Amino acid sequence: MEQEFVERVAPLLRAARRIVVCTGAGISAESGVPTFRDDLTGLWARFDAQQLATPEAFHADPDLVWGWYEWRRARVRRARPNAGHLAVAAIEARVPASTVITQNVDDLHERAGSRTAIHLHGSLFAPRCVGVPAHPAALPEPPDDEVIGSPEGRRIPPPRCASCAALVRPGVVWFGEGLPEAALTAAVDAATSCELLLAVGTSGVVYPAAEIPRIAARAGATVLQVNPEPTALDAVCAVNLRGTAAQVLPALVAAAWGPDGHTA
Ligand code: OAD
């Protein structure tokens, strides 16, 4: 990690009244939730996430896709927020007019204490039916761990909607689908009015989410990035902090406000 850069950007954090933290799959990687570009493992090793996460895949084989989402929910339930998620919540606590915008469908920001997380790509834990209009649906009881880990877990029928009997689908944004309008509007508003945007753990290639740091930069905000690898956002960022979220974010919070996140 580049401590020198961390020390240099800490005053920017301390001075900013409106901060946006924009996160992607990389912030949950150290909690054991695989990123979208990682290969699937175990039962799902021969599948491609980018093909399962589509309306076409659900239409063709709802049991297969629902089984995959049960597996993903089970992984997230087992995961715990890491030091990166906790540091984001500390920024929010320190700078009340800050906003967390995430592309992640897990609930690790909420479990770390974030109040404002805008979920641009929906949530694993808020299913809805495929009917028009769509009804929010309750999550069924999670299958037993043995089922999730066995070939039987590869095909789990989705429940039916209690209101209209249509199939229930995951409440996430699939490839080719639009983003929830209220979430996108709130994210664009926050990006337009912030002074500082931190892009964390995102490859910056999936639009329109990837537009958010660019909107902030165009509106005059300083954009910083935390990622161990170069990304499509490098050119937009004033500083690229090359390291993992769980290493860099706590160091940044400590450099800005002291080791416990309070002003030193
Ligand atoms: P990606 O999987 O595209 O990228 C993950 C990023 O995290 C990469 O740039 C990694 O270098 C970085 N990374 C990995 N480990 C990290 C760590 N420990 N700390 C910090 N960064 C780390 O994830 P997203 O950009 O979130 O969309 O992907 C965006 C969207 O693509 C997803 O929301 C999903 C997918 O298609 C939909 O499902 C609609």
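Residues numbered from 1 in each chain as written. Predicted model: local features only at pLDDT ≥ 70, side-chain atom pairs only at ≥ 80, totals over all residues. Heavy atoms only, no water.

Secondary structure assignment for the protein yields eleven helices and eight strands. The C-alpha atoms of the protein give 19 Å as radius of gyration, which agrees with the globular expectation for 264 residues (18 Å, within 12%). Seen along its three principal axes, the alpha-carbon backbone of the protein occupies a region of about 55 × 35 × 30 Å. Residues counted as buried form 50% of the 264 residues belonging to the protein. Long-range contacts, defined here as pairs at least 24 residues apart, represent 69% of the contacts in the protein between residues at least 6 apart. (Helix = DSSP H or I, 4+ residues; strand = E, 2+ residues; numbered from the N terminus. Rg over C-alpha atoms; globule rule 2.2 N^0.38 Å. Buried < 20%, exposed > 50% of the residue type's maximum accessible area, 1.4 Å probe, protein only. Contact = heavy atoms within 4.5 Å.)

Time to look at the packing of aromatic side chains. Taken as a whole and assessed by the stated rule, the structure comprises three aromatic pairs. Taking the centre distance of 5.0 Å and the plane angle of 75 degrees together, the rings of Trp68 and Tyr69 count as edge-to-face. This pair shows no difference in class: Trp68 is buried, exactly as Tyr69 is. An aromatic cluster of three or more residues is present, and its members are Phe58, Trp68, Tyr69 and Trp174. One residue, Arg72, lies across the ring of Trp68, its end atom 4.7 Å from the ring centre. Above the ring of Trp66, the side-chain terminus of Arg73 is found at 4.8 Å from the ring centroid. (Phe/Tyr/Trp six-rings, centres within 6.5 Å; stacked < 30°, edge-to-face > 60°. Lys NZ or Arg CZ within 6 Å of the ring centre and 35° of its normal.)

We now examine the site of the ligand. Around the ligand sit 22 residues in total, of which Arg37, His121, Phe175, Thr202 and Ser203 are the nearest. Here an oxygen atom of the ligand and a backbone polar atom of Gln103 are 3.3 Å apart. Partitioning the shell around the ligand into residue classes produces eight nonpolar, eleven polar and three charged. (Near = heavy atom within 4 Å. Polar contact = N/O pair within 3.5 Å; in protein donor to acceptor, adjacent residues only side chain to side chain. Nonpolar A, V, L, I, M, F, W, Y, C, P; charged D, E, K, R; others polar.)

Next up on the list: helix 9 (residues 181-193). The end-to-end C-alpha separation of helix 9 is 18 Å, in line with the 18 Å expected for 13 residues at 1.5 Å each. The complete set of buried residues in helix 9 reads Ala183, Ala187, Ala190 and Ala191. An end-on view of helix 9 places all buried positions within 100 degrees of arc, on one side of the element. Projecting away from the buried face of helix 9 at angles above 90 degrees are the exposed residues Glu181 and Ala182. Buried residues belonging to helix 9 abut strand 1 (19-23), strand 2 (99-102), strand 3 (118-119) and helix 10 (211-218). (Expected span 1.5 Å × (residues − 1). Arc of directions from axis to C-beta.)

What follows is about unusual backbone geometry. Of note, the amide linkage connecting Val132 to Pro133 takes the cis form, showing an omega dihedral of -5 degrees. As for its position among the elements, Pro133 is in the loop between strand 4 (128-129) and helix 8 (145-148). In the Ramachandran plot, Ala165 falls in the positive-phi region, its phi being about 70 degrees despite a non-glycine side chain. Following the sequence through the fold, Ala165 ends up in the loop between helix 8 and strand 5 (168-169). Take Ala165: its relative accessible area is 44%, and that puts it in the partly exposed class.

A few words now on helix 10. Taken together, the buried positions of helix 10 are Ile212, Pro213, Arg214, Ile215 and Ala216. Considering only its buried residues, helix 10 is in contact with strand 1, strand 2, helix 9, strand 6 (196-200) and strand 7 (222-226). Of the residues trailing helix 10, Gly220 is marked for its positive phi of about 100 degrees.

Within a sheet, each strand pairs with its neighbour through backbone hydrogen bonds, oriented either parallel or antiparallel. Taking strand neighbours across the sheet as the criterion, the six strands line up as 3-2-1-6-7-8 in an open arrangement whose pairing is parallel. Edge positions in the sheet fall to strand 3 and strand 8 (239-241), since each has one partner strand and no second. Of the strand pairs in this sheet, strand 6 and strand 7 are connected by five bridges, and their pairing is parallel. Along strand 7, the bridge assignment pairs Ala199 with Gln225. Contacts between helix 11 (residues 245-257) and the sheet are confined to strand 6, strand 7 and strand 8, with strand 6 contributing the most and set at about 155 degrees to the helix. (Pairing = 2+ DSSP bridges. Axes fitted to C-alpha atoms, helices over the stretch in contact; angles between N-to-C directions.)

Before going further, it helps to examine the packing of helix 1 (residues 3-15) against helix 11. The geometry of a pair of packed helices is captured by two quantities: the angle between their axes and the separation between those axes. It is the contact of helix 1 with helix 11, at a shortest axis distance of 8 Å, that shows an interaxial angle of 55 degrees. The angle between the axes of helix 1 and helix 11 places the two elements in the oblique class. Along this stretch, helix 1 crosses helix 11, giving a crossing that reads as right-handed. Between helix 1 and helix 11, the contacting residues are Gln3, Val6, Glu7, Val9, Ala10, Leu13 and Arg14 on the first element and Val248, Ala251, Leu252, Ala255, Ala256 and Trp257 on the second. (Parallel < 35°, antiparallel > 145°, perpendicular 65-115°, else oblique. Left-handed = near helix turned anticlockwise from the far one by under 90°.)

Moving on, we come to the side chain of His121. By the secondary structure assignment, His121 is in the loop between strand 3 and strand 4. For His121, the side chain forms a polar contact with the main-chain oxygen of Gln103, separated by 3.5 Å.

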